[in-house]
Protein chains: 2
Amino acid sequence: MRVRLDIAYDGTDFAGWAVQPNRRTVQGTIEEALATVLRLTTAPRLVVAGRTDAGVHATGQVAHVDLDLDDDVDFVRLTRKLSSLLRSTPDVVIKGLREAAPGFDARFSPLARRYEYRLLDREELRNPLVRHRTVWTSAHLNVELMSETAATLVGLRDFGAFCKPREGATTIRELQEFTWTRDETSTLIARLQADAFCHSMVRALVGACVEVGSGRLTLADLGDVRDAAQRTSAFKIMPAHGLTLTDVIYPTDDQLGARAELTRAKRETTGNGSDS
Amino acid sequence: MRVRLDIAYDGTDFAGWAVQPNRRTVQGTIEEALATVLRLTTAPRLVVAGRTDAGVHATGQVAHVDLDLDDDVDFVRLTRKLSSLLRSTPDVVIKGLREAAPGFDARFSPLARRYEYRLLDREELRNPLVRHRTVWTSAHLNVELMSETAATLVGLRDFGAFCKPREGATTIRELQEFTWTRDETSTLIARLQADAFCHSMVRALVGACVEVGSGRLTLADLGDVRDAAQRTSAFKIMPAHGLTLTDVIYPTDDQLGARAELTRAKRETTGNGSDS
């Protein structure tokens, strides 16, 4: 039976999502807890929607796992047992476990992923209660100019300037939304949505806006960098702790299988194995 | 010269505000940093508006300190030096240093203190990113009933049922505001304002509302407990980490000295040495 997990975590004390030997990872923590609760001798393997880097947070992460469960398994009880086991590590929360709809694949079914990035450019407003998910900068930033910059990056294009290159992998993505707002605490919040993001792409896109918003790079020069679609030193990859995966958007249940097949076919053609 | 400090901190890793031998405290951390920046051989002593317990946070704490400074001292530069020194301990932030207005006393001049308390009663909505300042409960709570309860506690009265007794100290306070709202993340937020709070009073008031909101205590029974004004086991003192001191309200500059004198006179009459 394929089971869908909805997950939230504070990435501060994790070496990222993906299992690594001798490192505390989100995937490893959950897989071990599942093995304990279900009394499995080998930990089951999770497949995730958005593999996040060390320090990156998630409020709306989704994963699936194939388990040998009875048809009448009590998911409320199973969720509670898993949550209770994870209570000693409250930086990861299992929001819910449920049987996945037929054709559901956490990694290949999504239509889109959404991320938020938080940045504060006012020293006198630094709030230690949100320091683990807000990047503090000393440069004052022009949010209108950053919004303008973000708008020039939206669209279906080659994001080669914003992606860590991977052998044989495409850097073409569809950035569907990229906006900046200043919230009531004066924190700058970027909201981004794309069909998929390549590795470190959100942090590079944010870095490009910061460069323009602080006056160190013109919008015209960034346009050239964007169009060249080559790795660049024109802007910085921003720190991980400002970044949160907030949503994974799936199609309606009847479209899950078709969407997964389409994504898989696209990835095979282009050799793109990365998914976030 | 009397200097006013505006301070924010995440209380998680502090043994409270007040200096204690061999414990990491907010007061101790700031006093040491001040001594380093000003090259003093003995640390100056801070006087604070709201002495917070271990684990309690603050976004709007205020303190004063009397320092031997030149009249033309550059406070922007001094704030920056202090902040830079405290950068290695980002759980405390000095939002600003400035010369205090004549008659200003951080502890005795306030008209009122404001606190917030955060509580989440929905297991599936637990967000690990705010776990250090939100108390998670498993009981579902009736927010309308909690608001009704809070309204019955507002006023000038003897809060003996909600105060840790102190030899010879009055438990009469004026609770000027106490409301409950559910925010967009379904978190229950209590907002309280009083001229001053006695020790653990906010956490006791919140505990009383939780008891009524979960159906374990009737509003009528709580009314009796309130009127008896004696220590009680009818409700719990809630955990510290849900509590944040958000604001200290001072009168206009021309009223600072008069207000401090009035407060001091009241405290001397009643023998009340506690200020929060």
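Just so it is clear, the model here is predicted, and its values are computed rather than measured.

Quick look at helix H4 (residues 201-213) of chain B
All names here are of chain B.
Step number 1: With 13 residues, H4 extends 18 Å between its outermost C-alpha atoms, agreeing within 8% with the 18 Å of an ideal straight helix rising 1.5 Å per residue.
Step number 2: The element H4 is extensively covered by neighbouring structure, given that 12 of its 13 residues are classed as buried.
Step number 3: On its buried side, H4 packs onto strand E5 (112-120), helix H3 (143-151), strand E8 (172-182), strand E9 (188-194), helix H5 (219-228) and strand E10 (243-249).
Step number 4: Immediately beyond the C-terminal end of H4, within one or two residues, lies Gly-215, with a positive phi of roughly 85°.

Side note on the domain arrangement of chain A
Residues and elements named next belong to chain A.
Step number 1: The domain architecture assigned to chain A consists of domain 1 (2-99) and domain 2 (112-249).
Step number 2: One C-alpha centre belongs to domain 1, the other to domain 2; they are set 28 Å apart.
Step number 3: Each side of the interface is counted separately: domain 1 has 15 residues, and domain 2 has 11 residues.
Step number 4: A class-by-class count of the residues in the side of domain 1 that touches domain 2 yields five nonpolar, eight polar and two charged.

Topic: the interface of chain B and chain A
Step number 1: Chain B puts 20 residues into the contact, and the matching count from chain A is 20 residues.
Step number 2: Going through the elements one at a time, strand E1 (2-9), strand E3 (57-66) and strand E4 (92-99) of chain B are the ones with two or more residues in the side of chain B that touches chain A.

Observations regarding the environment of His-140 of chain A
Step number 1: For His-140 of chain A, the position within the fold is in the loop between strand E6 (135-136) and helix H3 (143-151).
Step number 2: The sequence separation of His-140 of chain A and Pro-251 of chain A amounts to 111 residues, and the corresponding C-alpha distance is 40 Å.

Some words on the packing of helix H1 (residues 26-38) of chain A against helix H2 (residues 75-85) of chain A
All names here are of chain A.
Step number 1: Contact geometry of H1 with H2 gives a least axis separation of 10 Å together with a crossing angle of 120°. On the basis of the axis angle, H1 is oblique to H2. Crossing of H1 against H2: the hand is right-handed. Across from Ala-33, Leu-34, Thr-36 and Val-37 in H1, the residues of H2 making contact are Leu-78, Lys-81, Leu-82 and Leu-85.

So, the relation of the copies chain B and chain A
Step number 1: After a rotation of 180° and a shift along the axis of 0.0 Å, chain B superposes on chain A with an RMSD of 0.0 Å. Those values place the two copies in the arrangement expected of a two-fold rotation axis. In terms of C-alpha distance to the rotation axis, chain B has Val-130 of chain B as its closest residue, with the C-alpha 4.1 Å off the axis.
Step number 2: Mapped onto chain A, 100% of the interface residues of chain B again fall at the interface, so both copies present the same surface.

Quick word on the nonpolar core
Across soluble globular proteins, you tend to see nonpolar side chains buried next to one another.
Step number 1: Counting residues in hydrophobic clusters, the biggest one holds 69 residues, and the most contacted among them are Ala-63, Met-201, Val-202, Leu-205 and Cys-209 of chain B.
Step number 2: The leading source of residues in this core is H4 of chain B, at nine residues.
Step number 3: Residue contributions to this core reach at least three from each of two domains, namely domain 1 (2-99) and domain 2 (112-266) of chain B.
Step number 4: Leave out the neighbours within four places in its chain, and Cys-209 of chain B touches Met-146, Thr-149, Ala-150 and Trp-180 of chain B.
Step number 5: Membership of the second largest hydrophobic core comes to 67 residues, among which are Leu-34, Tyr-117, Val-210 and Phe-235 of chain A.

Calculation notes
- Residues numbered from 1 in each chain as written.
- Chains lettered and ligands numbered in written order.
- Predicted model: local features only at pLDDT ≥ 70, side-chain atom pairs only at ≥ 80, totals over all residues.
- Helix = DSSP H or I, 4+ residues; strand = E, 2+ residues; numbered from the N terminus.
- Expected span 1.5 Å × (residues − 1).
- Buried ≥ 20, exposed ≤ 12 C-beta atoms within 10 Å, placed from the backbone.
- Contact = placed C-beta atoms within 7 Å.
- Domains from an automatic or database assignment.
- Nonpolar A, V, L, I, M, F, W, Y, C, P; charged D, E, K, R; others polar.
- Axes fitted to C-alpha atoms, helices over the stretch in contact; angles between N-to-C directions.
- Parallel < 35°, antiparallel > 145°, perpendicular 65-115°, else oblique.
- Left-handed = near helix turned anticlockwise from the far one by under 90°.
- Least-squares fit on C-alpha atoms with pLDDT ≥ 70 in both.
- Core = buried A, V, L, I, M, F, W, Y, C linked by C-beta atoms within 7 Å.

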